[in-house]
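Summary of structural features
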Amino acid sequence: KRRAERVDGAERRNKLPSPASSLPTDPALYSGPFPFYRRPSELGCFSLDAQRQYHGDAQALRYYSPPPTNDQGPNFDLRDGYPDRYQPRDEEVQERLDHLLRWLLDHRGKLEGGPGWLAGAIVTWRGHLTKLLTTPYEQQEGWQLAASRFQGTLYLSEVETPAARAQRLARPPLLRELMYMGYKFEQYMCADKPGSSPDPSGEVNTNVAFCSVLRSRLGSHRLLFSGEVDCTDPRAASTQPPACYVELKTSKEMHRPGHWRSFYRHKLLKWWAQSFLLGVPNVVAGFRNPEGFVCSLKTFPTMEMFEYVRNDRDGWNPSVCMNFCAAFLSFAQNTVVQDDPRLVHLFSWEPGSPVTVSKHRDAPYAFLPMWYVEAVTR
Ligand code: A3P
Ligand code: MG
Ligand code: MG
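Now for a description of the structure that goes with this document. (Residues numbered from 1 in each chain as written. Chains lettered and ligands numbered in written order. Predicted model: local features only at pLDDT ≥ 70, side-chain atom pairs only at ≥ 80, totals over all residues. Heavy atoms only, no water.)

**Observations regarding the site of ligand 1**
- Every residue lining ligand 1 is accounted for by Leu178, Met179, Gly182, Tyr183, Glu186, Glu228, Asp230, Glu247, Leu248, Lys249, Thr250 and Gln274.
- Between ligand 1 and Leu248 there is a distance of 3.5 Å, counted from an oxygen atom to a backbone nitrogen or oxygen.
- Contact between ligand 1 and Thr250: an oxygen atom at 2.6 Å from a main-chain N or O atom of the residue.
- Notes on ligand 1: free accessible area 530 Å², of which the protein chains cover 63%.
- At the level of secondary structure, the elements contributing two or more residues to the shell around ligand 1 comprise α5 (173–189) and β15 (245–252). (Near = heavy atom within 4 Å. Polar contact = N/O pair within 3.5 Å; in protein donor to acceptor, adjacent residues only side chain to side chain. Areas by Shrake-Rupley, 256 points an atom, 1.4 Å probe, with all protein chains shown as cover. Helix = DSSP H or I, 4+ residues; strand = E, 2+ residues; numbered from the N terminus.)

Here's what the structure looks like:
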């Protein structure tokens, strides 16, 4: 009642309450009950080929093909082929939301939920949402998210921070090789056709990607997002995406309880956030030894990951992650009021600080391409 009176008072003076200018990220502020999260459903997919060209089909989807379990276990040399059979994607190219917008342009007329659905939705990459989910626990890397409202829809696109760019340009050789090894593991675990076997003799080309496009809802926020999917399991109990998808990960072989504890607290949080958002039920980990060989595999069901930290005072909590994400989306919705594809609200966050906002027009921050704006406007 008192709150209603305050709002009335503000309105009488013709002054609506202005949106907050920053958003705190302390985990303690977000420890309420788990918010509503609609089971993600796949609306479609697209593929990027070896030249990073878009295709509106599943041609880049690979099939989960783990080694037979009857013999001694795997012995994958993750350094094999480096650097001679490696075609890394050009990370200088900032693709922003372009591939997802291309998909949206081809499908916006036939989206479920009716013609008004998109106007009330948030469009972004799954990876951006992953960063939001882990923010209350992140102590190393900040982020920047550019936001524009266009025909009602709120678009969120990550901007590489100056620190991240500097780190990428100065990436040490060992880290470059470690990145390769993550992709090499996928090659040992995936086949190009269902029922066939992996072929680790070819090149590792990180331009190639299969992306699923999904619809979901977090609290009152409608979501349309896309995420890269490593492979599908032809033998999964449910053949319906995203329930048939499998996420592949590598991690250091662990030998002491302290290593496992730290793995549960840090790595498993990121794995959970990434796979939970998209509805991927299982993450298959390959543990590499100091020589770069994977000799053991372990499947982590996404819905069981929290159990490893449930009783850990220094663990993470899925409710905190999801409540913070919902709070950020409300903050962004209330901040980006003007409908203008050339206007950008830049949300910036550094560990230990709240999320702050700055306002920009056109280059370099505007990210909705002219071909998209014009096609949608006419
Ligand atoms: P690993 O995570 O197994 O090391 P994804 O697991 O998301 O499918 O990504 C595949 C691989 O891309 C990763 O394998 C890693 O090698 C590389 N990669 C992904 N995100 C990265 C990041 N932020 N920094 C460095 N490498 C990354
Ligand atoms: Mg991947
Ligand atoms: Mg992976």
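**Quick look at the coordination of the magnesium ion (ligand 2)**
- Protein coordination of the magnesium ion (ligand 2) is provided by Glu228 (OE) and Asp230 (OD), with donor distances spanning 2.1 to 2.2 Å.
- Taken as a pair, the magnesium ion (ligand 2) and the magnesium ion (ligand 3) lie 3.6 Å from each other and share Asp230 as a ligand. (Donors = N, O, S within 2.8 Å, 3.2 Å for Na, K, Ca; no water.)

**So, the layout of surface pockets**
- What the second largest pocket holds in volume is close to 320 Å³.
- Residue lining of the second largest pocket: 17 residues in total, with Arg39, Pro40, Pro242, Gly279 and Val280 positioned closest to the centre.
- Here the residues of the lining of the second largest pocket sort into 10 nonpolar, five polar and two charged. (1 Å grid on protein atoms, 1.4 Å probe; cavity = no way out; pocket = protein on both sides within 12 Å on 5 of 7 lines; lining within 4 Å. Points joined across faces, edges and corners; volume = space filled by probe spheres on them. Nonpolar A, V, L, I, M, F, W, Y, C, P; charged D, E, K, R; others polar.)

**Concerning the side chain of Ser157**
- Within the fold, Ser157 resides in strand β9 (residues 153–159).
- Relative accessible area serves as the criterion here: at 1%, Ser157 is assigned to the buried category.
- Look past the residues within four positions of Ser157 in its chain and what remains in contact with it is Arg96, Leu97, His128, Gln144, Leu145, Ala146 and Phe367. (Buried < 20%, exposed > 50% of the residue type's maximum accessible area, 1.4 Å probe, protein only. Contact = heavy atoms within 4.5 Å.)

**Some words on the coordination of the magnesium ion (ligand 3)**
- Bound to the magnesium ion (ligand 3) are the protein donor atoms Asp230 (OD), Glu247 (OE) and Leu248 (O), situated 2.0 to 2.2 Å from the metal.
- Positions of the donor residues of the magnesium ion (ligand 3), expressed as sequence spacing, correspond to D-x16-E-L.
- Exposure remark for Glu247: the relative accessible area of 7% places this residue in the buried category.

**So, the sheet that holds strand β3 (residues 54–55)**
- Strand order in the open sheet formed by 10 strands is β1-β19-β18-β8-β9-β7-β13-β12-β2-β3, and the pairing between neighbours is mixed. Only two strands of the sheet have a single partner each, and these edge strands are β1 (22–23) and β3.
- Two elements, strand β7 (residues 121–125) and strand β13 (residues 221–228), share five bridges in a ladder whose sense is parallel. Its bridge partner being in β13, Thr124 is matched across the sheet by Phe225. (Pairing = 2+ DSSP bridges.)

**Comments concerning the nonpolar core**
- Counting 58 residues, the largest nonpolar core has Leu132, Trp272, Phe328, Leu329, Phe347 and Val355 as the members making the most contacts within it.
- Among all residues touching Val355, those that are not within four sequence positions of it are Ser21, Ser22, Leu23, Thr25, Trp143, Phe324, Phe328, Phe331, Phe347, Ser348 and Trp349.
- Among the nonpolar cores identified, the runner-up in size contains 30 residues, and Leu111, Trp125, Leu224 and Val376 belong to it. (Core = buried A, V, L, I, M, F, W, Y, C linked by side-chain atoms within 4.5 Å.)

**With respect to the packing of helix α3 (residues 126–134) against helix α7 (residues 318–335)**
- Contact pair α3 / α7: the axes reach a minimum separation of 7 Å and the direction vectors enclose 115 degrees. Relative to α7, the element α3 is oriented roughly perpendicular. Viewed along their axes, α3 and α7 form a crossing whose handedness is right-handed. Facing α3, whose interface residues are Leu129, Leu132 and Leu133, α7 presents Cys321, Met322, Phe324, Cys325, Phe328 and Leu329.
- Here the residues of the contact of α3 with α7 are counted per class, giving nine nonpolar, no polar and no charged. (Axes fitted to C-alpha atoms, helices over the stretch in contact; angles between N-to-C directions. Parallel < 35°, antiparallel > 145°, perpendicular 65-115°, else oblique. Left-handed = near helix turned anticlockwise from the far one by under 90°.)

**Quick notes on the state of the cysteines**
- Considering all chains together, one arrives at zero disulfides under this definition.
- With no disulfide of its own, Cys321 lies 9.4 Å from the sulfur of Cys325, the closest cysteine sulfur.
- Residue Cys325 is classed as buried on the basis of its relative accessible area of 2%. (Disulfide = S-S within 2.5 Å.)

**What to know about the environment of Phe306**
- Structurally, the position occupied by Phe306 is in the loop between β17 (293–301) and α7.
- Taking the relative accessible area as the measure of exposure, Phe306 reaches 17% and is therefore buried.
- Measuring from C-alpha to C-alpha, the distance between Phe306 and Tyr264 comes to 8.6 Å, with 42 residues separating the pair along the chain.
- In this structure, Phe306 is in contact with Trp316, Asn317 and Pro318, ignoring residues within four places of it in sequence.

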